[in-house]
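# Fold and contact review
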Amino acid sequence: MENIKKFIKEIEITDENWKKYNCIDDVKNPQTKDLLNILISEMRELIKQERNDKLKELENDINNSQLYDDLMDFSKHTLRHYYAWKAVKELEKANKELIPALFQNIMDKFVLRLELDFKQTYSVYYVESEDDFSELLRSYDALVTYYVKRHFSRKWIIADIMEETEIDSEDAELFADLIERNYRELQLNIMIDGLSRL
């Protein structure tokens, strides 16, 4: 928390407009943007740890409710994959042997092709509800599309998926390997989807 206070003080000193900002998009100063990125990383950790007491302190330190709300909304938005993959992290503890089947089935029955009743198999993977399973499926699909569109290497897919979701390295490797094995078909699907939107 002391680090966060230090960043805020540094921003206040270097950016005279700090108190006037209503949202992140108002910030044009490159140094302030860099410091805000660090601040957002710290906020993400506090949100994940459910440290509402520290977040309240932070709100007081920022002393700009509109900007704080925008930073909070943005930080939560960047955690969407982290929350969507909660089911995978729980499966890693409950029955890790099911993860290869889960990942393969998501790839085969949701990403590459669509089996409409696949969502109803959520309980097989110890997922609490169909809604939670749908969140995981959408996140998985979005991440696969992101990595393929940007031509991420296997190494960087593994690093990024672990940072985004905090799954085990072994499962991150499995996820990356599935992308590698299906890379051409995934590229083709993305191209066809893009053409259908024209």
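Here, every reference points to the structure presented above.
A brief report on the enclosed structure follows. Just so you know, the residues in each chain are numbered from 1, in the order the chain's sequence is written. Residues qualify for local features only when their pLDDT is at least 70, as the model is predicted, and side-chain atom pairs are given and counted only at 80 or more; totals for whole chains, interfaces and linings, by contrast, use all residues. Heavy atoms throughout the structure, all of them, feed into the side-chain values; hydrogens and water do not.

### Digging into the pattern of salt bridges
For this document, the term salt bridge refers to a Lys or Arg side-chain nitrogen within 4 Å of an Asp or Glu carboxyl oxygen. Going through the model one piece at a time under the given rule, you end up with 16 salt bridges. Taking the shortest distance from any N to any O, the salt bridge between Asp61 and Lys5 comes out at 2.9 Å. Pair noted here: Asp61 is in helix α3 (residues 52-62) and Lys5 is in helix α1 (residues 2-14), with a separation of 56 residues, a long-range link. Residue exposure (1.4 Å probe, protein chains only): buried if accessible area is under 20% of the type maximum, exposed if over 50%, otherwise partly exposed. On the accessibility criterion, Asp61 (23% relative accessible area) is partly exposed. As a salt-bridge pair, Arg51 and Asp53 come within 3.0 Å of each other at their nearest N and O atoms. Judged by its relative accessible area of 43%, Asp53 is partly exposed. Helix and strand labels come from DSSP, where a helix needs a run of H or I of at least four residues and a strand needs a run of E of at least two; each type is numbered from the N terminus.

### A look at the nonpolar core
Counting residues in each nonpolar core, the largest one holds 36 residues, and the members touching the most others are Trp85, Phe103, Tyr140, Phe175 and Ile179. Elements with a minimum of two residues in this core: α6 (86-94), α7 (99-111), α8 (130-149), α9 (154-165), α10 (169-181) and α11 (183-196). Listed in part, the 23 residues of the second largest apolar core include Ile4, Phe7, Ile62 and Tyr68. Here, nonpolar core refers to any group of buried Ala, Val, Leu, Ile, Met, Phe, Trp, Tyr and Cys residues whose side-chain atoms link them within 4.5 Å.

### Considering the environment of Glu12
As for its position among the elements, Glu12 is in helix α1. Pairs of residues are marked as contacts when any of their non-hydrogen atoms sit within 4.5 Å. Contact partners of Glu12, with chain neighbours within four places excluded, come to Trp18, Lys19 and Asp61.

### Notes on the packing of α8 against α10
Where α8 contacts α10, the two axes come as close as 11 Å, and the packing angle between them is 60°. With respect to α10, the axis of α8 lies oblique. α8 and α10 meet at a crossing whose hand is right-handed. Counting all contacts with α8, which are made through Tyr140, Leu143, Val144, Tyr147 and Val148, the residues of α10 involved are Phe175, Leu178 and Ile179. Partitioned by chemical class, the residues of the contact of α8 with α10 number 8 nonpolar, no polar and no charged. Geometry is summarised by axes, namely lines fitted to C-alpha atoms with helices restricted to the contacting stretch, and by angles between N-to-C directions that run from 0 to 180 degrees. Here roughly perpendicular refers to angles of 65 to 115 degrees, roughly parallel to angles under 35, roughly antiparallel to angles over 145, and oblique to all remaining angles. Less than a right angle of anticlockwise turn of the near helix away from the far helix marks a crossing as left-handed, whereas a clockwise turn marks it as right-handed. Any residue outside Ala, Val, Leu, Ile, Met, Phe, Trp, Tyr, Cys, Pro, Asp, Glu, Lys and Arg is labelled polar, Gly included; the first ten of those are nonpolar and the last four are charged.

### Re the packing of aromatic side chains
Here the aromatic set is Phe, Tyr and Trp, taking the six-membered ring for Trp, and pairing holds for ring centres within 6.5 Å; pairs whose planes are under 30 degrees apart are stacked, those over 60 apart are edge-to-face, and all others are tilted. Counted under the stated rule, the structure contains 14 aromatic pairs. For the ring pair Tyr82 and Tyr83, a centre distance of 5.2 Å and an interplane angle of 75° mean the geometry is edge-to-face. Of the residues examined, Tyr82 reaches a relative accessible area of 16% and is grouped as buried. For Tyr83, a relative accessible area of 41% gives the class partly exposed. Considering the side-chain rings of Tyr146 and Phe152, the 5.5 Å spacing of their centres and the 65° angle between planes classify their relative orientation as edge-to-face. A ring is scored as having a charge over it whenever the NZ atom of a lysine or the CZ atom of an arginine sits within 6 Å of its centre and within 35 degrees of its normal. Here the guanidinium or amino end of Lys48 rests over the ring plane of Tyr82, the centre of that ring lying 4.9 Å away. In this arrangement the basic side chain of Lys89 is found over the ring face of Tyr82, its NZ or CZ atom lying 3.9 Å from the centre.

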